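Here's the letter readout for the chains.
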Amino acid sequence: MLYTAVLVACMAAAPQDCQTHEMLIEASPVPTAAFLEAQNKAAQWLGDHPDLTKRSLTIKAGQST
């Protein structure tokens, strides 16, 4: 099953300056497993972007366009 993780990340120094980053998640049909994978991918992505902090993380069934 495919999911799209939607991460909203904001500049630590300017919390009103946010961006949305989408990540494709391939997981079992269990949404909980997809969310755990999304959390791992979001943590990796945020590790590569230390100026940003997580505002929200959601998953959606299917692939975003």
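Owing to the predicted nature of the structure, the values given are computational and were not obtained by experimental measurement. Note on numbering: residues in each chain are counted from 1, in written sequence order. With the structure being a predicted model, the display of local features is reserved for residues of pLDDT at least 70 and the display and counting of side-chain atom pairs for 80 or more, all residues being used for whole-chain, interface and lining totals. Hydrogens and waters are ignored; side-chain quantities use all the structure's heavy atoms.

Enquirer: Pulling in residues and values, what's your account of the environment of Ala 13?
Expert: Here Ala 13 shows up in the loop between β1 (2–11) and β2 (18–26). Relative accessibility under 20% of the residue-type maximum defines a buried residue, over 50% an exposed one, and the middle range a partly exposed one, all with a 1.4 Å probe and only protein chains included. Residue classification places Ala 13 among the exposed residues on the basis of a relative accessible area of 79%. In this structure, the C-alpha to C-alpha distance between Ala 13 and Ile 59, residues 46 residues apart in sequence, is 26 Å. Put simply, DSSP marks the helices as runs of H or I at least four residues long and the strands as runs of E at least two long, and each gets a number from the N terminus on.

Enquirer: Lay out the state of the cysteines with the relevant residues and their values.
Expert: The disulfide criterion used throughout: a pair of cysteine sulfur atoms within 2.5 Å. A complete count under the given rule lists 1 disulfide for this structure. Between the sulfur atoms of Cys 10 and its disulfide mate Cys 18 the distance is 2.0 Å. Measuring the twist about the S-S bond at about 95 degrees, one finds the Cys 10-Cys 18 disulfide to be right-handed. For Cys 18, a relative accessible area of 30% puts it in the partly exposed group.

Enquirer: So what's going on with the nonpolar core? Residues and values would help.
Expert: Buried residues of nine kinds, namely Ala, Val, Leu, Ile, Met, Phe, Trp, Tyr and Cys, make up a nonpolar core once their side-chain atoms join them within 4.5 Å. Formed by 14 residues in total, the largest nonpolar core has its most connected members in Ala 5, Leu 7, Met 23, Ile 25, Trp 45, Leu 46 and Leu 57. For this core, the secondary-structure elements that each account for two or more residues are β1, β2, α1 (31–48) and β3 (52–61). Ranked by residues supplied to this core, first place goes to α1 with 5 residues. Contact criterion: two residues are considered in contact whenever any of their non-hydrogen atoms come within 4.5 Å of each other. Among all residues touching Leu 57, those that are not within four sequence positions of it are Ala 5, Val 6, Leu 7, Met 23, Phe 35, Ala 38, Gln 39 and Ala 42.

Enquirer: I'd like to hear about the pairing of β1, residue by residue, with values.
Expert: Most of β1 is tucked away, with 8 of its 10 residues classed as buried. The antiparallel hairpin formed by β1 and β2 contains 6 residues in its connecting segment. Strand pairing follows a simple DSSP-based rule, namely that at least 2 bridges must link the two strands.

Enquirer: Break down the confidence of the model for the protein chain for me, with residues and values.
Expert: Of the residues in the protein chain, 97% have a pLDDT of 70 or more, and the chain-wide mean is 90. The least confident element of the protein chain is α1, whose mean pLDDT is 92; the most confident is β1, at 94. Each residue carries a pLDDT score, the predictor's confidence in it, ranging from 0 to 100.

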